[in-house]
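Summary of structural features
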4 protein chains.
Amino acid sequence: MNQQRPTALEAFPVLIELPVQWGDQDSFGHVNNTVYFRWFESARIAYLEQLNLRGGPRGPDPIGPILASIKCDFRRQLTYPDRVLVGARVTRIGRSSIGMAHLVWSRGLEAVAAEGDSTLVVFDYQAGRPHPVPVELRQAIAALQGAVEGA
Amino acid sequence: MNQQRPTALEAFPVLIELPVQWGDQDSFGHVNNTVYFRWFESARIAYLEQLNLRGGPRGPDPIGPILASIKCDFRRQLTYPDRVLVGARVTRIGRSSIGMAHLVWSRGLEAVAAEGDSTLVVFDYQAGRPHPVPVELRQAIAALQGAVEGA
Amino acid sequence: MNQQRPTALEAFPVLIELPVQWGDQDSFGHVNNTVYFRWFESARIAYLEQLNLRGGPRGPDPIGPILASIKCDFRRQLTYPDRVLVGARVTRIGRSSIGMAHLVWSRGLEAVAAEGDSTLVVFDYQAGRPHPVPVELRQAIAALQGAVEGA
Amino acid sequence: MNQQRPTALEAFPVLIELPVQWGDQDSFGHVNNTVYFRWFESARIAYLEQLNLRGGPRGPDPIGPILASIKCDFRRQLTYPDRVLVGARVTRIGRSSIGMAHLVWSRGLEAVAAEGDSTLVVFDYQAGRPHPVPVELRQAIAALQGAVEGA
């Protein structure tokens, strides 16, 4: 398992693996910065699925996540071909907000390629305003990864 | 001109205008978060062109910018159709790094849709390491937008 | 007006103008092939808006377009910076299908950069099957661009 | 192996597997048409790597492929989550051109989701014109997948 889940990713309860596609590279010949945010999104969605937080602006359930803020620190340039592991974990829970950390691990470089930090808001898309983090959501996060600051 | 350049954008010496494309929207029916980073990139490139900082990992000149970090705070959800103004300005200059602020203004909403902050590093792609910000670059930034912290 | 609407585009009743973004370029240093399909889509949507064909898989109206097939012939390599004009026009109308032609004109090259051809099907997203092209749609197309084969 | 390589893909000597990402979906809630062309590209690149055709507009070797034309017939709507198998095979070899067929297989639907057809031109990026298909390239294709029309 060590081979598949590097130490740097051990803290991440949700982890997805994605290929670097040739077309992810830009004119500088390395993976474009926007692609990292697509990877973060995919890991975030995978995490939220485990919480059963599936509502949104469409469909019967109006309570869903909205991305309020996101940051990426780029550590290494990536190129095709490669495969990345992308992790997501909750770092803090506020009244209506959830902080999430991300990590991109390059299998080719055997190194951390990027670190990310985001803030989600639990949003009532029908009312058009933030909604308190439901207690079941807090419990689901705790069940998935243990205690979290602010939870 | 007031109509074309809202007050919030007055501090930005470089400003580009882009259409929201239908395909910029994701399954939630609003502009996907990765698109904002594409817009920031386009404004950043437009700014750097004015500085004549054109080197990169390919071509004869190895001294070029590399994106070290970028953040976006999302203020408003955007939908098609709309047009956005995207601004870029330098906020700080370090030994090898340049801080840049971004703003996305929605013409349709007549409101700030997002704010961004990034750190570029002047990179020597041949040597594979950061390069001090050239004095001509500092002068070009000053000429474009006046005094900057750390310059 | 000749300057803004080249002869090659005269047959196109709907025309949009888009900037080439730096990030549209791939590792080969020219605009990636997928970007042309995004441009075609934007012109197609602009055309369909004029027909008031706004239904889809979501929302109250289930009758909307679905893309059945699309082709692009690439004529010229494009690079940043440039601006493109993208045209859409209906070329044929079948029982449930609509043929559409596209053209990409490069302002920088003053040349046709790509030609496209697509087939849309009028789809009943509720019933999950094709729907005959409504007579009002045929009339709206005729009003927009004159007689069409099969109409 | 039958489970991993459906009959429809048997004719394809090169096959890649990719996840559908949530962000691949557009406002209609299904995978956007441009994504299929990204998938085709990834399979095409994987095929070309096996041929050792690695030249391009940059780097020491100027002889590389250029995409002249590409078409996609969409058979099924795709949604997240899913995984796709994407195949590439050469269908014809001309003086300077190579025809390639593509297939997208949905693991979730257990069905063909799309079929594609493209024309590549062997291009001399230095001379700026097509280059005859090298005999070693013809041999490499034959070795990979057997006899091809026009070869």
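Up top you'll find the structure we're talking about.
Criteria and cut-off values
- Residues numbered from 1 in each chain as written.
- Chains lettered and ligands numbered in written order.
- Predicted model: local features only at pLDDT ≥ 70, side-chain atom pairs only at ≥ 80, totals over all residues.
- Least-squares fit on C-alpha atoms with pLDDT ≥ 70 in both.
- Contact = placed C-beta atoms within 7 Å.
- Helix = DSSP H or I, 4+ residues; strand = E, 2+ residues; numbered from the N terminus.
- Pairing = 2+ DSSP bridges.

1. What to know about the relation of the copies chain A and chain B
One chain copy maps onto the other through a rotation about an axis and a shift parallel to that axis. Each copy of the sequence occupies a distinct position, and chain A is placed on chain B by a rotation of 180 degrees and an axial shift of 0.0 Å, giving an RMSD of 0.0 Å. Taken together, the rotation and translation describe the operation of a two-fold axis. Among all residues of chain A, the minimum C-alpha distance to the rotation axis is found for A:K71, at 2.0 Å. Both copies present the same face, since 100% of the interface residues in chain A are matched by interface residues at the equivalent positions in chain B.

2. Here we look at the environment of D:E17
Considering the arrangement of structural elements, one finds D:E17 in strand β1 (residues 14-19). In this structure the C-alpha to C-alpha distance between D:E17 and D:R107, which are 90 residues apart in sequence, comes to 9.7 Å.

3. Some points on the relation of the copies chain C and chain B
Expressed as a screw operation, the relation of chain C to chain B combines 0.0 Å of axial shift with a rotation of 180 degrees, fitting to an RMSD of 0.0 Å. Of all interface residues in chain C, 100% are interface residues in chain B too; the two copies therefore contact each other through one and the same surface.

4. A word on the interface of chain C and chain B
Residue-level contacts link 9 residues of chain C with 9 residues of chain B. Elements with a contribution of two residues or more to the side of chain C that touches chain B: β1 (14-19) and α1 (33-51) of chain C. Looking at which element gives the most residues to the side of chain C that touches chain B, the answer is α1(C), with 4 residues.

5. Observations concerning the interface of chain A and chain B
Residue-level contacts link 18 residues of chain A with 18 residues of chain B. Only α1 (33-51) and β2 (63-74) of chain A provide two or more residues apiece to the side of chain A that touches chain B. By residue number, the principal contributor to the side of chain A that touches chain B is β2(A), which donates 8 residues. Relative to strand β2 (residues 63-74) of chain B, β2(A) runs antiparallel, the two being bridged by 5 bridges. Paired with A:S69 across the two strands is B:D73, which belongs to β2(B).

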